[in-house]
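One letter stands for each residue in the lines below.
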Amino acid sequence: MSAAAAAAAYFSHPNIFPPATGSTGGIRTLVYLKPYTSQRKPFQVVCCSSSRPQYIPNHIPNPNYVRIFDTTLRDGEQSPGATMTTKEKLDIARKLAQLGVDIIEAGFPASSDADLEAVKLIAIEIGNPNVNNKQEEGGGHVPVICGLARCNKNDIDKAWEAVKHAKYPRIHTFIATSEIHLVYKLKMTKQQVVEKASSMVAYARSLGCNDVEFSPEDAGRSEREFLYEILGEVIKAGATTLNIPDTVGYNWPREFGQLIADIKANTPGIENVIISTHCQNDLGLSTANTLEGAYSGARQLEVTINGIGERAGNASLEEVVMALKCKGELLGGLYSGINTRHIVMTSKMVEEYSGLLVQPHKAIVGANAFAHESGIHQDGMLKNRSTYEIMSPEDIGLFRSNESGLTLGKLSGRHALKSKLFELGYDIDGRELNDLFWRFKSVAEMKKVITDDDLVALVSDEVFQPQVVWKFGDVQVTCGTLGLSTATVKLIDVDGKEHIACSTGAGPVDAAYKAVDLIVKVPVKLLEYSMSAVTAGIDAIASTRVVIDSENNHTSTHYTGEKISRTYSGTGASMDIVISSVRAYVGALNKMLGLRKQSTNGSA
């Protein structure tokens, strides 16, 4: 079959739409014929879209290109227990740049000095070309760095102070527009809200920021005519992107799609801006609503890694992106600039740093997403993977377990460990690989075979840890039915000095935690404690997660204006449950103390 005949056969399929004619973007269609194999369809055509268009704040040269706006570091971090340190945020931002997201909403600078400094650092290091060599792995892509701000000068000033160091800075400002918010929260009239919104957008532009996004909070429950009015006014004031949020996840797909279509049809000046979506997941419809919004004309989609966020979370980046990749032709040829092979590693990093575990059946990145246990399914998979898989795990950076045939044990070397980690979606080298290797060897001395789950737990405990304020040294406990449990703990401070304390408690973990408290001397409250066996068997690694709260009420400002108390999570892993528990507790303390130190330095 000739290439021309193949293309004709492809585009004659009833479910495939050919590239739009007369499009200024010029979708480039490449047709490849792949030979038949037992694992592939006899005839397969692969379509590749043109590259990422030049960034213009209020215009996308290719009408089929969809900008991906990631708010993991802002909305995602608002999840209880998901507080992250500056180093963790910087690591995630770097990974998001490699992933290829167009805009990184790096935080809410007015919420705290620590958040302002974190956003500023991301703007400097991630928002500029050639600052960090690792960014070149993403093809030299430089993302827009965005800061959130309420509609007041103080917030906007702080947002601009943080993001202005980026090559492409953006201020995202918002005010509520639904009747319930106007009456009960803002206590403002519609006219007052319109004036506030337009004046603050104009103020943001006056600072020198030529990329301003405006959101009418709770747009999904707002009156249409009022939305058209306020959106038209902020366009006149200089807004370049209009974000339409379903703030409480109340809309359903047809309803939200119609909202976007109505705004596109009735808002004066809408042709001069980009329409965006931001969908919460309260009814489990965030991904569907986001895709419906794109189908109706939105060309920026706001998402988070693993779908984390307030309440039930946000639209999931991996779900939205892979839906576009698999079904983009049904949306008129829409595509994004995401390098999907970085999805798994980014997901794992966010999971570890946020402390929010991904449910096993989570679409795309869940542990069971590519698992097949049913005999009927396994039979089909052995004959042809496409019988029960609509995408390849390799497309998202996941390699099938034991494809290399490697079985790790105490005689395995660094190269074998690195290869196995790469299969699992971890690209680890240098000092981190060396430290992890010695942890692996210590466990391998006690276990004949190290499983994939064991490695994941070790990576979590060794690699994805906050900056060290206190390093775990040793712990010794005595417990049982004949007396009080006692624990002796040794921690090492940043100067290398050893500190030892002994305490009693209701059990060995309680005693160990009290001994740690005697050394650290910072009052905290344990909010959550959970432990699970990573694998079956008496020699399983124990994985522990804790969430703590500072009794000194270290707070930050929520975007609603409410002062909220921050909570901090920590994880640990060891074949000894007490060691695992102490590692998790020290990790949470390190996260809290690191942020406190940063806040102190920022306000000094």
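Keep in mind the model is a prediction, meaning the values are calculated, not measured.

A few points about the overall build of the protein
And step 1. The number of helices and strands found in the protein is 17 helices and 16 strands.
And step 2. With 604 residues in all, the protein has 55% of them scored as buried.
And step 3. Within the protein, contacts between residues separated by at least 24 positions form 66% of all contacts whose residues are at least 6 apart in sequence.

With respect to the pairing of strand β2 (residues 103-107)
And step 1. Of all the five residues making up β2, five are buried; the element is thus mostly covered by neighbouring parts of the structure.
And step 2. One ladder, built from two bridges, connects strand β1 (residues 67-70) with β2; its direction is parallel. Pairing of aspartate 70 across the sheet is with isoleucine 104, part of β2.
And step 3. Regarding the hand of the β-α-β motif, the stretch spanning β1, helix α2 (residues 86-99) and β2 is right-handed.
And step 4. Pairing of β2 with strand β3 (residues 144-150) involves four bridges; the strand directions are parallel. Within the sheet, the bridge partner assigned to glutamate 105 lies in β3 and is cysteine 146.

Describing the pattern of salt bridges
When the charged atoms of two side chains with opposite charge come close together, those side chains can pair.
And step 1. Applying the stated criterion across every chain yields a total of 29 salt bridges.
And step 2. Across the pair aspartate 218 and arginine 221 runs a salt bridge whose closest N-O atoms are separated by 3.0 Å.
And step 3. By relative accessible area, aspartate 218 is classed as buried at 0%.
And step 4. Here arginine 221 falls in the partly exposed class, since its relative accessible area comes to 36%.
And step 5. One salt-bridge network, in which partners are shared between bridges, spans Lys87, Asp91, Arg94 and Glu125.

Describing the sheet that holds strand β11 (residues 498-505)
And step 1. One open sheet holds the three strands; their spatial order is β9-β10-β11, and the pairing between them is antiparallel. Strand pairing shows two members of the sheet lacking a second neighbour, β9 (470-478) and β11, which therefore form its edges. Averaged over neighbouring strand pairs, the angle between their axes works out to 20° when direction is ignored.
And step 2. Helix-sheet contacts for helix α16 (residues 508-520) involve β9, β10 (485-493) and β11, and the interaxial angle to β11 is about 140°.

Observations regarding the packing of α2 against helix α3 (residues 113-125)
And step 1. The N-to-C vectors of α2 and α3 enclose an angle of 35°; their axes lie 10 Å apart at closest approach. When the axes of α2 and α3 are compared, the crossing they make is right-handed. Contacts between α2 and α3 involve Thr86, Lys89, Leu90, Ala93 and Arg94 on the former and, on the latter, Ala114, Asp115, Ala118, Leu121, Ile122 and Glu125.
And step 2. Of the residues in the contact of α2 with α3, the class split is six nonpolar, one polar and four charged.

Points about unusual backbone geometry
Trans peptide bonds make up most of the peptide bonds, and negative phi angles are found at most residues other than glycine.
And step 1. You will see that arginine 311, though not glycine, has its phi angle at about 55°, which is positive.
And step 2. Looking at the secondary structure, you find arginine 311 in the loop between β8 (300-303) and α10 (317-327).
And step 3. Phi at isoleucine 364 takes a positive value of approximately 75°, unusual for a residue other than glycine.
And step 4. Structurally, isoleucine 364 is set in the loop between α11 (343-354) and α12 (375-383).

Notes on the sheet that holds strand β6 (residues 241-246)
And step 1. Pairing is parallel around the closed barrel formed by eight strands, whose spatial order is β1-β2-β3-β4-β5-β6-β7-β8. Direction aside, neighbouring strands of the sheet carry axes that sit 25° apart on average.
And step 2. Bridge count between strand β7 (residues 274-279) and β8: three bridges; the pairing is parallel. Across the sheet, threonine 277 pairs through a bridge with leucine 301, a residue of β8.
And step 3. Packing against the sheet, helix α5 (residues 179-186) makes contact with β4 (169-176) and β5 (212-217), and its axis sits at approximately 85° to β4.
And step 4. Strand contacts of helix α6 (residues 190-206): β4 and β5, with the helix running at about 170° to β4, the strand carrying the most contacts.

Let's talk about a nonpolar patch on the surface
And step 1. Side chains of Leu526, Tyr529, Met531 and Ile577 sit close together on the surface and give an oily, nonpolar patch of about 340 Å² of accessible area.
And step 2. The element best represented in the nonpolar patch is strand β12 (residues 524-533), accounting for three residues.
And step 3. Here isoleucine 577 lies in helix α17 (residues 577-603).

Some details on the packing of aromatic side chains
And step 1. Summed over all chains, the structure comprises six aromatic pairs.
And step 2. Between tyrosine 513 and tyrosine 529, the ring centres sit 6.4 Å apart and the planes meet at 70°, which makes this aromatic pair edge-to-face. With tyrosine 513 in helix α16 and tyrosine 529 in strand β12, the pair connects residues that are 16 residues apart, well separated along the chain.
And step 3. Note on tyrosine 513: relative accessible area 7%, which makes it buried.
And step 4. These aromatic residues form a ring-pair network of at least three members: Phe437, Trp438 and Phe440.

As for the confidence of the model for the protein
And step 1. Mean pLDDT over the protein: 85, with 84% of residues reaching 70 or higher.
And step 2. Across residues 1-49, where pLDDT falls below 50, the model places 63 contacts with residues more than four positions away in sequence or in other chains.
And step 3. The model gives residues 132-138 a pLDDT under 50, and that stretch makes 14 contacts with residues more than four places away or in other chains.

Some points on the packing of helix α14 (residues 430-444) against helix α15 (residues 452-462)
And step 1. Closest axis-to-axis distance for the α14/α15 pair is 10 Å, and the angle between their directions is 130°. It follows from the interaxial angle that α14 and α15 lie oblique. Two packed elements cross with a definite hand, and for α14 against α15 that hand is right-handed. Between α14, through Asp435, Leu436, Arg439, Phe440 and Val443, and α15, the contact on the second element is made entirely by Leu455, Leu458, Val459, Asp461 and Glu462.
And step 2. When the residues that make up the contact of α14 with α15 are grouped by side-chain class, the tally is six nonpolar, no polar and four charged.

Regarding the side chain of histidine 342
And step 1. Along the chain, histidine 342 turns up in the loop between α10 and α11.
And step 2. A relative accessible area of 14% places histidine 342 in the buried class.
And step 3. Those residues within four positions of histidine 342 in sequence are excluded, and the remaining contacts are Lys95, Gln98 and Leu99.

So, how was this worked out
- Residues numbered from 1 in each chain as written.
- Predicted model: local features only at pLDDT ≥ 70, side-chain atom pairs only at ≥ 80, totals over all residues.
- Heavy atoms only, no water.
- Helix = DSSP H or I, 4+ residues; strand = E, 2+ residues; numbered from the N terminus.
- Buried < 20%, exposed > 50% of the residue type's maximum accessible area, 1.4 Å probe, protein only.
- Contact = heavy atoms within 4.5 Å.
- Pairing = 2+ DSSP bridges.
- Right-handed = clockwise from strand over helix to strand, strands pointing away.
- Salt bridge = Lys/Arg side-chain N within 4 Å of Asp/Glu carboxyl O.
- Axes fitted to C-alpha atoms, helices over the stretch in contact; angles between N-to-C directions.
- Left-handed = near helix turned anticlockwise from the far one by under 90°.
- Nonpolar A, V, L, I, M, F, W, Y, C, P; charged D, E, K, R; others polar.
- Patch = residues over 30% accessible without salt bridge, like charges linked within 9 Å, V, L, I, M, F, W, Y side chains within 5 Å.
- Areas by Shrake-Rupley, 256 points an atom, 1.4 Å probe, with all protein chains shown as cover.
- Phe/Tyr/Trp six-rings, centres within 6.5 Å; stacked < 30°, edge-to-face > 60°.
- pLDDT = per-residue confidence, 0-100.
- Parallel < 35°, antiparallel > 145°, perpendicular 65-115°, else oblique.

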